[in-house]
Amino acid sequence: MTQSDDRDLWRLGTRNKSRVRQEVDEEIQTHLDARIAQRERQGLSPAAAREEALRLFGDLEETKKVCLDSDWRRERHVRRKEYYGEMKRDIIHALRQLRRRPGFALVAILTLGVGIGANTAVFSAADHVLLRPLPYADIDRVVTLWETERGTTTDHKEVSPGNMLDWRERSSSFEHLAVAEPYGFDITGDGPPTPLHAWLISEGFFEALGVEPILGRNFVAEEFQPNSGFVVLLSYGLWQRHFGSNPSIVGQTIQIDHQAATVVGVLPPELEYPEPRDIWAPKWFRESELTDRYSDYMFAVGRLAPGVSVAGARADMDRIAAAMSEEFPRSNINTGVNVIPLEQQILGDVRPALLVLLAAVGLLLLIACANVATLLLARGAEREREFGLRAALGAGRARLVRQLVSESVLLAAAGGAVGLLLANVGVRALTALMPPELPRVGTIAIDGRVLAFAVIITVLTALLFGLAPSMRFSQPDLRGALAAGGRSSTGGRQRTRLHRVLVVSEIALALILLVGAGLLVRSYMDLVDNDLGFATDNRATIQMFLYDQNPTPIQRYQRAIEMEERLEATPGVANVAIISALPFHPHKIGADATLRIEGRPQPAPGEDRQVFTTVASPDLFRLMGIQLRSGREFTADDRADGLQVAIINESLRRRFFPNENPIGKQVTIGVMAAPVTREIVGVVADVRPTTLDSDPQPELFVPFAQSMTGAVTFVVETQRDAAALMPTLRNQVWQVDPNQTIYYAATVEELISDTLVERRFHLVLLAVFSAVALVLATIGIYGLISFSASRRTNEIGVRMALGAKNSDVVGMILRDGVRMSLAGVAFGIAGAFALTRFMGSMLYGVAPTDILTYGLIAALMLAVSAAAAYVPAQRAANGDPLAALREEWSGVQPASCVSSLISYICRRIITTTPFRGVLWTLLMPEY
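In every chain, residue numbers begin from 1 and rise along the written sequence. Only residues with pLDDT of at least 70 get local features here, since the model is predicted, and only at 80 or more are side-chain atom pairs given and counted; chain-wide, interface and lining totals rely on the full set of residues. Water and hydrogen atoms were dropped before computing side-chain values, which therefore reflect all heavy atoms in the structure.

Enquirer: Help me out: how do you make sense of the overall build of the protein chain in this one?
Expert: When you go through the protein chain residue by residue, the secondary structure sums to 29 helices and 22 strands. Computed with a 1.4 Å probe, the accessible areas rest on the Shrake-Rupley method; for each residue, only the protein chains presented here act as cover. Summing over all exposed atoms, the protein chain offers an accessible surface of approximately 43,000 Å²; the carbon and sulfur share of this is 57%. Numbered from the N terminus, helices here are DSSP runs of H or I no shorter than four residues, and strands are runs of E no shorter than two.

Structural data, given as structure tokens:
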């Protein structure tokens, strides 16, 4: 069958509607002419015969319409049948081709599976966290409000109750304005109390958010008044976990802090602001809070009034803040207000990191596609004789393209199936690694949207890696493909250019990923090398609040000392100390207070003398390894009825006593109580307060015996693994008081590790993606060099027959690989400079353009590329030149064998002459 016959058959099976209409008209006219002729033979005139034939024929237009519809349906049926038949034959042919090369198929499917699986898993996370709407009504009208400090970088500070109440009274920009205060409750009953993390919310909080309970109702106005009865709303998680999703929980009473509380509703599962907690209760303001403008511990949220924009609300709050600065200069002289949309508040820090991960997996998929395209090109080169034969027998370009695309689609479909399996595993790994504070982490799963994404990305992948090979081999060179087995048709530098472009692209994309991972590794190493200022190993912490069972200060002190002695007597415990605010603790009690220094004037308006205050027992500094710089530590003699003393850290000394010795100075400060004048007796080293990259803050310590707080954290130094001793320590606490709630318990190392979860998540994922990209790029280099060497077997045989050494051949092939690697590294460095600048917020102590990281990654890529090229180069150099030459003759016709043999004898003679070097140079000038 010729190529023109193939086109004619195709046109015959693809008639358009106008052609079908023409054929129907011709057929009807034939029938009509036959009837007219019949009537004329019966003696009628031509006009009468035509009139009679039309009358007997019936409605001509309706007949045409019926025939046209019938023929068009039949035509479409034939076309569909032919199309599906061709598709079936193409798929069967593709399956046979893949079955003949199972190794090729397996590598291609796994490569695509890794790329598609990684993209699907990360898209699942991004879709649930970023792309789906947050569960708040009219979220564009919901904003968060924060206090700021003018003249500093502080633009995101919690709100004091006095300021919030004034904002609500003076502002006209909000339909609702309310706050949430972090709190803690206990579920009591049988066994030890269970601690609950809670929010106390002011009136209008859920109305401002736009949230309705999924069961029951919101709080009503009278429930925000003192002594109105104890009512609570349960979080969705607590309802499931503790109450078994009981739909009848609304209206029931539960025991909280040994008193009955009525459950009025259950909140939806995706309530992310201020942060997920167990229980919500109404907040009423105490008398002392009405004018408190110093204590910043509340989270404010507002719903904009109709027609008010975020910019308008900011301008309104700026006006109010300026007025309050004049009215309350001592507390508000530098206090401003920041208004941030709720969606930006929740997703602002998350979005850049997830977008970086999406870009990383996108690059990984491109590398996978380039790798598979390289495999298909090499595979197509082996089949070029087959394509030439098909074209010679009449197969058109469209037919060859469809067959090649069928193979690509099968590979992509299999890769997509493997990718979905890997994505399912990847989603579970992602949710285990992701920081728990990220919104909606628990909802991440493979659902309909993610499946649709997987299908779309599979189709796009098939197009990406299948297009180039399909276009390349759908127009074979018939003369070259049919000559000598087709080997000559793919030899030479010109025909491997596309292979090289793909491999260079793989190297460049892999280097971009490696640079990103390298920057994160260096950042992480710099971070963990930071000096914390205290010891961490073999130290456990137990936090509790002693107020409920011990109402007076002396009772709290006695109970704390009793527990301290009980813990210290536990086998395996070396020492125990008490602190009110442990560094790195997620629930430490922040207590800022204004410092007044005796002999100095009162702080001027706007002068910041706020310092962080901490209560500590005498052994704390020694147990935590905090160095004493001068003076002394607390002792047992620092009792409540003795000299009131304090210890400061170096940051406080540098700020308030830069050129003098602070020992013996008198300061007045309130530490969780009324201000007291104290004498500074010591200076200790700074510690990092919250994270490894947080700066030390001015801090003042007072003895526990002189400030008997009920918010205590026991720090226990153990003689062996602290985590293994934790259950025993809990039991020791409950031996002293069975009703005492342990609010939080963890080792110090766990506290520090928890602050690194987000950085570790980014590092691990990008490192894994980079490692996979490096492996794929290495495979690509190895595959291309192997393919090129195999296509140059004849050339290598001739070179070695003419005297080339093994090292000469190895060097020739290695230079080819290194040139590609250098090009890929150059393009990769340029791409990394352009893209890594978006990682600035994820780095610490390292610039996105760090030269050392770029140099090390470039050297690594060149070394790996050289290693990947060395193996096929060595194998090619160790080949038998006679076997290579015999392979060259294997496809030659018998008539040319004599001349080939004569040529071979001449070459052998030439290689034995004294002029071999000169002749070699003349014959192979490019070597």
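Enquirer: Would you mind showing me how to read the packing of helix α6 (residues 161–170) against helix α9 (residues 310–327) here?
Expert: The geometry of a pair of packed helices is captured by two quantities: the angle between their axes and the separation between those axes. Following both chains from N to C, one finds α6 and α9 inclined at 125°, their axes separated by 11 Å at the closest point. Relative to α9, α6 is oriented oblique. Seen along the crossing, α6 lies across α9 with a hand that is right-handed. For the pair α6 and α9, contact is made by Asn163, Asp166, Trp167 and Arg170 and by Met317, Arg319, Ile320, Ala323, Met324 and Glu327, respectively. Class assignment of the residues belonging to the contact of α6 with α9 gives a composition of five nonpolar, one polar and four charged. Axis lines are fitted to C-alpha atoms, over the contacting stretch for helices. Their N-to-C directions set the angle, which ranges from 0 to 180 degrees. For classification purposes, an angle smaller than 35 degrees is called roughly parallel, one larger than 145 roughly antiparallel, one from 65 to 115 roughly perpendicular, and anything else oblique. By convention, the crossing between two helices is left-handed when the near helix turns anticlockwise from the far helix through less than a right angle, and right-handed when the turn is clockwise. A contact between two residues is defined here by any heavy atoms of the two lying within 4.5 Å. Under this grouping Gly is polar, as are all residues other than the nonpolar Ala, Val, Leu, Ile, Met, Phe, Trp, Tyr, Cys and Pro and the charged Asp, Glu, Lys and Arg.

Enquirer: Teacher, can you tell me more about the pairing of strand β20 (residues 699–703) here?
Expert: Within a regular strand, side chains alternate between the sheet's two faces. Of all five residues in β20, five are buried, a share of seventy percent or more. Each residue is placed in one exposure class: buried if its accessible area under a 1.4 Å probe, protein chains only, is under 20% of its type's maximum, exposed if it is over 50%, and partly exposed if it falls in between. Residues Glu699, Phe701 and Pro703 of β20 are buried on one face, and the alternating residues Leu700 and Val702, pointing to the opposite face, are buried as well. When DSSP locates at least two bridges between a pair of strands, those strands are taken to pair. Where strand β17 (residues 645–649) and β20 come together, two bridges link them in antiparallel fashion. When the sheet's bridge partners are listed, Ile647 is paired in β20 with Phe701.

Enquirer: What am I meant to see in the nonpolar core here?
Expert: The nonpolar side chains of soluble globular proteins are, as a tendency, buried together. Core analysis: the biggest nonpolar cluster contains 127 residues, and Tyr136, Phe206 and Leu209 have the highest contact counts within it. With 15 residues, helix α17 (residues 497–528) is the largest single contributor of residues to this core. Once residues within four sequence positions are removed from consideration, Tyr136 is found in contact with Leu209, Gly210, Val211, Glu270, Leu271, Glu272, Tyr273, Leu342 and Ile346. The definition of a nonpolar core used throughout is a set of buried Ala, Val, Leu, Ile, Met, Phe, Trp, Tyr and Cys residues joined through side-chain atoms within 4.5 Å. Ranked by size, the runner-up nonpolar core spans 39 residues in total, among them Met563, Phe657, Val716 and Val736.

Enquirer: Just to check I follow, could you spell out helix α8 (residues 236–243) for this structure?
Expert: Given 3.6 residues per turn, any residue in an α-helix points the same way as the ones three and four places further on. Along α8, the positions that sit buried rather than exposed are Leu238, Trp239 and Phe243. What you see down the axis of α8 is that its buried residues fit within an arc of 100°, all on one side. On its buried face, α8 is in contact with β2 (174–187), β3 (194–201), β4 (215–216), β5 (231–234), β6 (253–256) and β7 (259–266). Count one or two residues on from α8 and you reach Gly244, which has phi positive near 60°. Our arc is simply the arc of the directions from the helix axis toward the C-beta atoms.

Enquirer: Got a minute to help me understand the pairing of β3 in this structure?
Expert: Most of β3 is tucked away, with six of its eight residues classed as buried. Inspection of the sheet shows β2 paired to β3 by eight bridges, in the antiparallel sense. Residue pairing in the sheet places Tyr183 in a bridge with Ala198 of β3. Of the pairings in the sheet, the one linking β3 to strand β8 (residues 279–282) comprises four bridges and is parallel in character. The partner of Leu200 across the bridge, within β8, is Ala281.

Enquirer: Would you take a moment to explain the environment of Ile91 for this structure?
Expert: Mapped onto the secondary structure, Ile91 falls in helix α4 (residues 60–100). Remark: the alpha-carbon pair of Ile91 and Val409, spanning 318 residues in sequence, is separated by 9.2 Å.

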